[in-house]
Every structure is written in structure tokens, then in C-alpha cells.
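Architecture at a glance
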Amino acid sequence: MSSRLTVLDFPRFKAENRPIVCVTAYDYTFAKLLDNAGVDLLLVGDSLGNVIQGHDTTLPVTLDDMIYHTKAVVRGSRKAFVACDLPFGYCHRSSDVVLEAAIRVLKETGAQAVKVEGGASVVDSIRALTSLQIPVLAHVGLTPQAVHAFGGFKVQGRGAAADKVLADAVAVETAGAFAVVLEGIPAPLAEKISRQLIIPTIGIGAGPGCDGQVLVVYDLLGFYDGFKPRFVKRYLEGGDLIHLAVSRFAEEVRNRTFPDHEHSFND
Ligand code: KIV
């Protein structure tokens, strides 16, 4: 029997005031490293469209892409809860389409939940999923799949728009989501939502008042040198370390000091 965290642990974490640690993962090796470091929730985000595939937005990511990466993350982890993003184009279609996608995710990957972007406009999808016992992690605020509607990656919920984000958060909780990602909203609004909701909130660019935090692993480790939003904190300058290591390898290949006796089969 697996000793993974389950959907029941998240409300308990909120009740115990224990912050939830969430990091994105897209492959076996990183999933294993993050799992061993004690991450609670591995999110196979469609941010893989940016950091793995090199697209400007997450819109081109397919369900097959998500399934491929989620399988690897599940294989690499033992303790963390694993959730998989439903890509753009599923949650605004009929319940049958959403259910078929989520069933494929759970059956083929071993993930324990799907993540759904959007607020009041996707509550029918969330209801359809949760009524079939498929756990849903919701996502409101600056939802990247709505980038064109937002006119860019812009902070949401400022001023009078705060009411809409709050209403979205309440709507996804009422529809049955077990937790909600709050992305790119003012910190006081995120704190207010976190106090008002029963389910835990997991923030990204939403300040310290959330019940947990999530970062994209390539941002956290300093591997992604594209756009660096203000909320990203790099805990490693991984890009610089890789540059140094690979430059040393190249130098040793070129001056024929690698491979040496130690790294060769000598008989
Ligand atoms: O796609 C993703 O990685 C996400 C997180 C950043 C919340 O949605």
C-alpha cells in the first residue's frame, strides 16, 4: 500500500496551520529529488509548455503531453501527492470531454488529482469531476490559460476586480475542489480569501497569507532564464552551475583529459 499523502491530508494541514509545500515537476529524476526533499504536492503543471517545450504560453500543451510527463513524475515519487493540470481547451467543453480527459489522467498516470484553471466559468466541470470522485485542485486569479483574455500575464484582482477573484474562489470551493491555487493577485486579497475559504489556498505571486506556496521548479532552481516575475525567488543559480560544469566537460574533452584512467575500462 502506498504511503503517499492523500487528499485528506490537505484540510488537515490547513487545520494544523502547517504550510503546504508544492513544486512543479515534469520528469522522473526531478520528481525523485523533490520527493526526497519533502515536497508535499508535486504539480505536473502545463507550465511544461514554457520550461520544457519552449512555448511562449501554455496553450499548445496537449493531454498526451500531460500524461507522458505525469507518468514519469509518479514513477519518480513515493510520498508526495501528485496532481496533473488539465490543459487548455478541456474545462470549457462538455462534462463528457472533461471527464474523459480526467479519467485518462488518473487511469494512465497514477496521479491522484487533476488541476483545473478558472473560477465560476468552470464550476460545471469541477462538479462533474468531483461527483465522480475525481479530486480537483482549482486555480484562480492570473490563470495562464486565459492569457489572451487578460491581455498578457497581468496581476488580477486589483481594486474593484478583487470581488470577482473572491467570488471565483468561493465558487470552486462550493463546487467541491479540495484546494485552490491563487496566482498573481494582491497579497491582502489572497490573505482574505485564505481566511474565508475552508479549503487550503496555495499561492504563487499571491503573498505570504496563503495556506501553502508553489513555485515552478525551473524558477526555484534558477534554470529558466526567460521572463523572471517579481514573485520568483531563486534558491539556486542552477543555470550558472550547469554552464560551469558543461564548460569544464567541453574543455577536458577538447584537451583530451577526459576520460582519464579512472573513468575508463582498463582491461
Ligand atoms: O502550470 C503550472 O505550473 C501552474 C503552477 C505554476 C501553479 O499552474
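Above this text you will find the structure in question.
So, here's what we can say about the structure. Everything numeric in this text was worked out from a predicted model, so none of it was measured.

Turning our eyes to something else, we now look at helix H5 (residues 95–109). Residues three or four positions apart in an α-helix share a direction because the helix packs 3.6 residues into each turn. Taking 1.5 Å per residue as the helical rise, H5 with its 15 residues ought to reach 21 Å, and the 21 Å between its terminal C-alpha atoms agrees with that figure. Where H5 is concerned, the buried positions are Val-98, Leu-99, Ala-101, Ala-102, Val-105 and Thr-109. Down the axis of H5, the buried set is contained in an arc of 165 degrees. They therefore lie on one face. In H5, the exposed positions that point more than 90 degrees away from the buried face belong to Asp-96, Glu-100 and Lys-107. Elements in contact with the buried residues of H5: helix H4 (63–76), strand S3 (81–85), strand S4 (113–117) and helix H6 (123–131).

Another aspect to go through is the nonpolar core. Core analysis: the largest hydrophobic core is formed by 64 residues, its most contacted members being Leu-42, Leu-86, Val-114, Val-116, Leu-129, Leu-182 and Ile-193. With seven residues, the top contributor of residues to this core is helix H8 (residues 162–175). Listed in part, the 17 residues of the second largest apolar core include Phe-81, Ala-83, Leu-137 and Phe-178.

We now examine helix H2 (residues 28–36). Within the sequence span of H2, burial applies to Phe-30, Ala-31, Leu-34 and Asp-35. For H2, the buried positions fall inside an angular range of 130 degrees around the axis, keeping them on one side. Contact partners of the buried residues in H2: strand S1 (20–24), strand S2 (41–44), H4 and helix H10 (217–220). Measuring from the backbone nitrogen of Thr-29 back to the side-chain oxygen at the start of H2 gives 3.3 Å, which picks out Asp-27 as the cap. Just downstream of H2 lies Gly-38, where phi reads positive at about 95 degrees.

This paragraph deals with the sheet that holds strand S7 (residues 201–204). Here eight strands make up a closed barrel; going around it, the order is S1-S2-S3-S4-S5-S6-S7-S8 and the pairing parallel. The mean angle between the axes of side-by-side strands here comes to 25 degrees, regardless of whether they run parallel or antiparallel. With four bridges connecting them, S4 and strand S5 (residues 136–141) associate as parallel partners. Across the sheet, residue Val-116 finds its bridge partner in S5, namely Ala-138. Relative to the sheet, H8 contacts S5 and strand S6 (179–183), its axis offset from that of S5 by approximately 170 degrees.

Here the structure, examined in full by the defined rule, presents nine aromatic pairs. The ring of Phe-13 carries the charged tip of Arg-18 above its face, separated from the ring centre by 3.9 Å. For the cation-ring pair, Arg-93 lies above Tyr-90, with the distance from its terminal atom to the ring centre recorded as 5.4 Å.

Turning next to unusual backbone geometry. Going from Phe-258 to Pro-259, the amide bond is cis rather than trans, its omega being -5 degrees. The backbone of Gln-133 shows a phi angle near 60 degrees, a positive value even though the residue is not glycine. Mapped onto the elements of the fold, Gln-133 is located in the loop between H6 and S5. Backbone geometry at Arg-256 places phi at a positive 60 degrees, although glycine is not the residue there. When you line up the elements, Arg-256 lands in the segment after helix H11 (238–254).

This brings us to the site of the ligand. As a structural note, the neighbourhood of the ligand is formed by Thr-24, Leu-43, Gly-45, Asp-46, Ser-47, Asp-85, Lys-115, His-139, Val-181, Ile-204 and Val-216. Note that an oxygen atom of the ligand is positioned 2.5 Å from one of the side-chain N or O atoms of Ser-47. Summarising the interface, the protein chains cover 96% of the accessible area of the ligand, which totals 260 Å² for the free molecule. Class assignment of the residues belonging to the shell around the ligand gives a composition of four nonpolar, four polar and three charged.

The next thing to look at is the pattern of salt bridges. This structure, assessed with the given rule, holds 12 salt bridges. Put simply, Asp-211 and Lys-14 hold a salt bridge, and the shortest N to O gap is 2.8 Å. Of this pair, Asp-211 sits in the loop between S7 and strand S8 (212–215) while Lys-14 sits in helix H1 (residues 9–15), and the two are 197 residues apart along the sequence. Like Lys-14, Asp-211 is buried. Each of Asp-9, Arg-12 and Glu-16 takes part in one network of salt bridges that share partners.

Here we take up the environment of Arg-18. Checked against the element boundaries, Arg-18 lands in the loop between H1 and S1. Excluding residues that lie within four positions of it along the chain, Arg-18 makes contacts with Phe-13, Asp-40 and Asp-211.

Calculation rules
Residues numbered from 1 in each chain as written. Predicted model: local features only at pLDDT ≥ 70, side-chain atom pairs only at ≥ 80, totals over all residues. Heavy atoms only, no water. Helix = DSSP H or I, 4+ residues; strand = E, 2+ residues; numbered from the N terminus. Expected span 1.5 Å × (residues − 1). Buried < 20%, exposed > 50% of the residue type's maximum accessible area, 1.4 Å probe, protein only. Arc of directions from axis to C-beta. Contact = heavy atoms within 4.5 Å. Core = buried A, V, L, I, M, F, W, Y, C linked by side-chain atoms within 4.5 Å. Polar contact = N/O pair within 3.5 Å; in protein donor to acceptor, adjacent residues only side chain to side chain. Pairing = 2+ DSSP bridges. Axes fitted to C-alpha atoms, helices over the stretch in contact; angles between N-to-C directions. Phe/Tyr/Trp six-rings, centres within 6.5 Å; stacked < 30°, edge-to-face > 60°. Lys NZ or Arg CZ within 6 Å of the ring centre and 35° of its normal. Near = heavy atom within 4 Å. Areas by Shrake-Rupley, 256 points an atom, 1.4 Å probe, with all protein chains shown as cover. Nonpolar A, V, L, I, M, F, W, Y, C, P; charged D, E, K, R; others polar. Salt bridge = Lys/Arg side-chain N within 4 Å of Asp/Glu carboxyl O.

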